[in-house]
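Inside the fold
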Amino acid sequence: MREVRCRDALREAMAEEMRRDPNVFLLGEEVGHYQGAYKVTQGLLEEFGERRVIDTPIAEAGFAGVAVGAAMAGLRPIVEFMTWNFSLVAFDQIVNNAAKMYQMSAGQFPVPVVFRGPNASARQVGSQHSHAVEAFYANVPGLIVCYPSTPRDAKGLLKTAIRCDDPVVFLEGETLYNVKGEVPDEEELIEFGKARVSREGTDVTVVVWGRPHPMVLKVAEEMAADEGVSCEVIDPRTLRPLDHEAIVASVKKTNRCVVVHEHWPYGGPGAEIVDRVQREAFDHLDAPVLRATNLDVPMPYAAHLESEVIVTEARIRAAIRKVCYLD
């Protein structure tokens with residue numbers, strides 16, 4: 001095992017898969033000569049050249065469509081969106097073409113394409129650059145939606161995504177790029193639809209993915225020390241497919257559940273998880289299932305307002321205390 005940053009783990013995954021399979025190539029804005037807007041693709045142009053690392057115009061619908069066509073023709077494109085907010089320009093290509101082509105062609109055309117890039121809020125980038133888009137894409141049959149929280153999961157899931165014959169939406173927490181974590185020296189492929197228990201516990205299950213994951217672990221440690229509350233932390237790793245069996249099994253053990261995510265509270269994967277828990281573990285629940293989320297407003301630009309909207313440690317702690325009847 002060795003410690004690497006999340007951005008480096010992602011780069012390693014792409015480089016290893018590009019060396020393994022000549023059909024894998026990368027395209028997107030500033031992925032080549034600029035070395036990537038967030039330096040995730042640094043060094044790839046030098047190693048693989050301009051035929052396999054392609055700088056595109058600012059035209060998301062265009063290069064997403066090129067990638068879908070290339071995948072239908074037998075290649076394995078990786079599309080980097082400078083931010084997932086910009087994928088909304090390419091929504092038609094992702095939802096109407098990539099997700100549906102295999103079914104509409106009666107299995108004649110698989111679409112092995114990975115759409116990846118930073119998701120959700122960063123720091124003071126305004127409402128149009130702060131979307132957490134997992135609710136949009138997890139709603140669509142035909143798409144796989146990955147959302148890693150650690151460097152190890154980022155690398156293992158991305159390698160699996162590149163080898164997958166179905167289109168994959170790969171969401172990377174923008175503020176997690178510098179987070180360090182252990183990555184195995186040997187090759188590791190992480191299976192879709194298999195959640196990870198990030199922390200064992202007995203009193204409450206906390207389901208979390210992406211940026212809030214380290215926040216939840218911090219709150220869990222503090223509550224164990226200060227209030228004797230034992231939190232079990234479940235990271236789904238993929239939101240479609242969702243490992244609801246692991247989540248339900250944990251809730252049946254702890255009898256309480258809080259879902260934490262960096263998204264608006266209305267609809268989305270958080271609401272889906274709440275629904276599955278109440279349907280499949282209703283008789284085991286000792287309290288209503290609660291969510292700790294962003295506030296239901298567009299993201300402000302001002303730092304002091306932004307900090308109020310984004311899900312916070314205080315909001316996470318308050319939800320856990322409420323389901324444990326400590327308030």
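I will try to describe carefully the structure that is included in this document. Predicted model only: the values in this text are computed from it and were never measured.

What follows covers the pairing of strand β2 (residues 24-28). Extensive coverage of β2 is indicated by the burial of five of its five residues. Alternating residues of β2 divide into V24, L26 and G28 and F25 and L27, and every residue in both groups is buried. Sheet topology note: the β2/strand β4 (residues 76-80) ladder contains five bridges and is parallel. Among the inter-strand pairings, G28 is bridged to a residue of β4, identified as E80. As judged from the three bridges shared by β2 and strand β3 (residues 53-55), these two strands associate in the parallel manner. Bridge pairing in β3 places G28 opposite D55.

Time to look at the sheet that holds strand β12 (residues 238-240). The strand order across the open sheet built from seven strands is β3-β2-β4-β5-β7-β6-β12, with neighbouring strands paired in mixed fashion. This sheet does not close on itself; its edge strands, each paired only once, are β3 and β12. Here the average twist between neighbouring strands, direction ignored, is 20°. Two elements, β4 and strand β5 (residues 114-119), share three bridges in a ladder whose sense is parallel. Following the sheet pairing, E80 is matched in β5 by R116.

What counts and what doesn't
- Residues numbered from 1 in each chain as written.
- Predicted model: local features only at pLDDT ≥ 70, side-chain atom pairs only at ≥ 80, totals over all residues.
- Heavy atoms only, no water.
- Buried < 20%, exposed > 50% of the residue type's maximum accessible area, 1.4 Å probe, protein only.
- Helix = DSSP H or I, 4+ residues; strand = E, 2+ residues; numbered from the N terminus.
- Pairing = 2+ DSSP bridges.
- Axes fitted to C-alpha atoms, helices over the stretch in contact; angles between N-to-C directions.

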